Amino acid sequence: MMRTLSAGAKQLEKNDLWKYSMAAAASVGEMLKTSLGPLGAYKVLVDYLEDIKVTSRGAKIFEYLLEDYSPKYDKNYKPVRANPILKMIVEGGLTVHKSLKDGVITYAVLSGALMEKAAKLINEKIHVNTIVKGYKMALNWALEELADIAVKIQPSDRETLTGIARTTLAKSYLGPSSAHTLAECIVDAYATVVENTPTGFRGFEPEKAIQIVVKAGGYTLDSRFIKGLVLENRLKHSLLPKKIVDAKIALIDDHMDVKRTKWWHEIKISNAADIGVFKKEEEMILEKMFEKVRNKGANVVFCKKGINDKLLYLFGRAGIMAVRDINAADFEMLAAATSAKIVPTPDELQESNLGYAEVVEEKIIGAENWIFVEGCRKPKAVSIVIRGGAYMFADELKHVVKSAITAIHQALIEGRVVPGAGAVELELSRRLKKRALSIGGKLQLAIQAYAESLEAIPKALLESAGVDVLDKLATLNALHKNGEAGACFDVLSRKLTDAYREKILEPYSRHVIILKSSTELVTQLMRIDTAFLAGRRSWGELPKVSEQSTEFSRKAIIGEPGSYPTYGEPY
């Protein structure tokens, strides 16, 4: 077989490939399991530009694992290859994150545990196809049992929704008071938008309806829900009022300035008086814009593009607040929040197009100016302002808040939740072990191995809490055997509790996707028996268009032969 491959190519046989796959899955699982749960450890990520990020999010860690800025050749100019199995695991985790905005670490830990159990069965001379069949049967049973464990929720059950948000926020190790405050803000924001959306929670996308603003330099308890919008803009003229009460808001899409002609034009001025006439004509155009806005009753103007300084002066003299250069996404959300209609120019502005807010005010937070639009009537877009001690941690909290919003949205769409803190995995493991006894032969061993792999999640949570893992796990198994499906260990309060009673809940669909994704990944990896790694072309085999172009590409773009590539790489 090797003779049929090109020079430099490699072939990994089944035994070598299994070591390759096991090393990748086990290393990823071991690396990420310490970051699982509220007491999970943080990771420091440093890229090739020495940009530092501190995170405990699996998605961010996986993104760094996919980034490859290292040279493709070692000092002896031999090819250095990335682990293809690792890449498959990472891409699968990022796919899970796209669907859930969460669950990457659980996916990685479960995949690693499934691979380790499968390796032990292979060492016991159990055929791969038998393990694959057993894993798929166990997955179908697990989904059936998961549907039986799940409990229904109502959109009006605020306590349950707050519990879902608080469970997700706990992964960022917020204190109980901070987590409760943020959970309340999230539920308030979500419920406000759902209430004002005619089609309910199925009729909107949370990412487009809830704005999340991060500002470092404060305490997490200072985070709050804004029934309106927050704009990272500032007033550009000293005469403009800083605060408008009972605001009537106009949204102008185009530039508020003197229009220039589309084609090249020429103005002939024969004497000095003509210059004054020309300037006065421009001022009259701006004054007409100002009069049209004022006559329609608007006292706040938001312009997506620029506003002439002379026009800002006129607005300031009249006590009208004007804000220019607004981000396109914020501008659309502003229309949804204030119920204003966006008009192209002031000429098309009507009184019915105006939006409303109780207060529009410029506030200084730290060293930055922000425009707060608060007290909107029936807003379809709202804001959550997150405060944190340092921007690095506040930004991490922003992603956790997004995960919590997504968790609430998924729970309401499915209408079901399951117990968190490892309780659902322990209950599934117990039920699968019991059902496996009804299957004879080697399939029973594969199903039991699948059930034991599920216990890797509660084990990792107990390890991060620093308690006696075997003792607590034995106690929890006994409680589940006695019919307490929600029995779990709360790592924050450090006591055994019931997840249903304490509202430690997670969306039903989250566990369905994680179970399916991790099982599919592992079964696919087990069915691979050979890997072919293509060879790389040497310097001598590079295409030679001309001596000049070859020399230029080597020295100016790639570098001298044998050196590390600085831009691009040889074939």
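Procedures and definitions
Residues numbered from 1 in each chain as written. Predicted model: local features only at pLDDT ≥ 70, side-chain atom pairs only at ≥ 80, totals over all residues. Heavy atoms only, no water. Pairing = 2+ DSSP bridges. Helix = DSSP H or I, 4+ residues; strand = E, 2+ residues; numbered from the N terminus. Axes fitted to C-alpha atoms, helices over the stretch in contact; angles between N-to-C directions. Contact = heavy atoms within 4.5 Å. Expected span 1.5 Å × (residues − 1). Polar contact = N/O pair within 3.5 Å; in protein donor to acceptor, adjacent residues only side chain to side chain. Buried < 20%, exposed > 50% of the residue type's maximum accessible area, 1.4 Å probe, protein only. Parallel < 35°, antiparallel > 145°, perpendicular 65-115°, else oblique. Nonpolar A, V, L, I, M, F, W, Y, C, P; charged D, E, K, R; others polar. Core = buried A, V, L, I, M, F, W, Y, C linked by side-chain atoms within 4.5 Å. Phe/Tyr/Trp six-rings, centres within 6.5 Å; stacked < 30°, edge-to-face > 60°. Lys NZ or Arg CZ within 6 Å of the ring centre and 35° of its normal. pLDDT = per-residue confidence, 0-100.

Enquirer: Describe the sheet that holds strand β6 (residues 224-226), naming the residues involved and giving the relevant values.
Expert: On the basis of which strands lie adjacent, the open sheet formed by three strands has the order β5-β14-β6 and mixed pairing. Each edge of the sheet is formed by a strand with only one pairing partner; in this case those strands are β5 (210-216) and β6. Across the sheet, the axes of successive neighbouring strands diverge by a mean angle of 25 degrees, strand direction being ignored. Summarising the sheet, β6 and strand β14 (residues 382-388) pair through three bridges and their orientation is antiparallel. Each residue of the ladder has a partner; that of Arg-224, found in β14, is Val-385. Sheet contacts for helix α7 (residues 176-196): β5, β6 and β14; angle to β14, the most-contacted strand, approximately 170 degrees.

Enquirer: A description of the sheet that holds strand β15 (residues 416-419) should follow, citing residues and the corresponding values.
Expert: As summarised here, the arrangement of the three strands in space is β4-β15-β18, forming an open sheet in which the pairing is antiparallel. If you trace the sheet from one side to the other, it starts and ends with β4 (151-152) and β18 (505-507), each paired once. Strands β15 and β18 of the sheet are contacted by helix α6 (residues 158-169), whose axis makes an angle of about 85 degrees with β18.

Enquirer: Report on helix α12 (residues 391-414), specifying residues and quantitative values.
Expert: Owing to its 3.6 residues per turn, the α-helix aligns residues three or four sequence positions apart on the same side. Over its 24 residues, α12 runs 35 Å from end to end, which matches the ideal 34 Å to within 8%, given 1.5 Å per residue. Of the residues one or two after α12, Gly-415 is the one with positive phi, at around 75 degrees.

Enquirer: Report on the pairing of strand β12 (residues 355-365), specifying residues and quantitative values.
Expert: In this structure, strand β8 (residues 243-252) lies alongside β12, joined through six bridges in antiparallel fashion. When the sheet's bridge partners are listed, Lys-248 is paired in β12 with Tyr-356.

Enquirer: Tell me about the side chain of Ser-518, residues and numbers included.
Expert: Structurally, the position occupied by Ser-518 is in helix α18 (residues 508-526). At a separation of 2.8 Å, a polar atom in the side chain of Ser-518 contacts the main-chain carbonyl oxygen of Ile-514. Not counting residues up to four positions away in its chain, the partners in contact with Ser-518 are Tyr-107, Leu-110, Ser-111 and Leu-114.

Enquirer: How would you sum up the side chain of Asn-233? Please name residues and give values.
Expert: Within the secondary structure, Asn-233 sits in the loop between β7 (229-231) and β8. What makes Asn-233 buried here is its relative accessible area of 11%. Within the structure, Asn-233 has its side chain in polar contact with the backbone oxygen of Arg-324 (distance 3.3 Å). A distance of 2.9 Å separates the side chain of Asn-233 from the backbone oxygen of Asp-325, its partner in a polar contact.

Enquirer: So what about the pairing of strand β16 (residues 487-490)? Which residues, and what values?
Expert: The two faces of β16 match: Ala-487 and Phe-489 on one face and Cys-488 and Asp-490 on the other face are all buried. Across four bridges, β16 lies against strand β17 (residues 495-498) in antiparallel orientation. Each residue of the ladder has a partner; that of Cys-488, found in β17, is Thr-497. Turn length for the β16-β17 hairpin, with the two strands adjacent in sequence and antiparallel, is four residues, and the turn residue Arg-494 shows positive phi of about 55 degrees.

Enquirer: Just give me the short version of the packing of helix α14 (residues 443-454) against helix α15 (residues 456-465), but keep the residues and values in it.
Expert: Packing of α14 against α15 brings their axes to within 4 Å, and their N-to-C directions diverge by 25 degrees. Here α14 lies roughly parallel to α15, going by the angle between them. The residues of α15 that touch α14, namely those facing Glu-452, Ser-453 and Leu-454, are Ala-456, Ile-457 and Pro-458. Considering only residue class, the contact of α14 with α15 consists of four nonpolar, one polar and one charged.

Enquirer: Can you explain the environment of Lys-43? Please cite residues and give values.
Expert: Relative to the assigned elements, Lys-43 resides in strand β2 (residues 43-46). When its relative accessible area of 18% is taken as the criterion, Lys-43 is described as buried. As for Lys-43 and Ser-56, which are separated by 13 residues in sequence, their C-alpha atoms are 5.9 Å apart. Polar contacts involving the side chain of Lys-43 include one to the main-chain carbonyl oxygen of Met-31, which spans 3.0 Å.

Enquirer: Explain the nonpolar core to me, and be specific about the residues and the numbers.
Expert: Core analysis: the largest hydrophobic core is formed by 67 residues, its most contacted members being Phe-62, Ile-89, Tyr-135, Leu-146, Tyr-450, Leu-515 and Met-526. With 12 residues, helix α4 (residues 104-123) is the single largest residue contributor to this core. Apart from the residues within four sequence positions on either side, Tyr-135 is in contact with Leu-114, Lys-117, Ala-118, Ala-446, Ala-449, Tyr-450, Thr-519, Val-522, Thr-523 and Met-526. Counting residues in hydrophobic clusters, the runner-up holds 46 residues, among them Ile-249, Met-256, Phe-331 and Ala-340.

Enquirer: So, the packing of aromatic side chains: which residues are in play, and what are the values?
Expert: Under the defined criterion, the tally for this structure stands at two aromatic pairs. With a centroid separation of 5.5 Å and 70 degrees between ring planes, the pair formed by Tyr-135 and Tyr-450 is classed as edge-to-face. Residue Tyr-135 is located in helix α5 (residues 128-149), and its partner Tyr-450 is located in helix α14; the two are separated by 315 residues in the primary sequence. On the basis of relative accessible area, Tyr-135 is assigned to the buried category, the value being 0%. A cation over a ring is seen here: Arg-377 above Tyr-356, with NZ or CZ 3.8 Å from the ring centre. Taking the ring centre of Tyr-508 as reference, the NZ or CZ of Arg-416 above it sits at 4.0 Å.

Enquirer: Give a description of the confidence of the model for the protein chain that names residues and reports values.
Expert: Summary statistics for the protein chain give a mean pLDDT of 80 and a share of 82% for residues scoring 70 or more. pLDDT under 50 marks residues 544-548. Its contacts with residues more than four places away, or in other chains, come to two contacts. Across residues 556-571, where pLDDT falls below 50, the model places 38 contacts with residues more than four positions away in sequence or in other chains.

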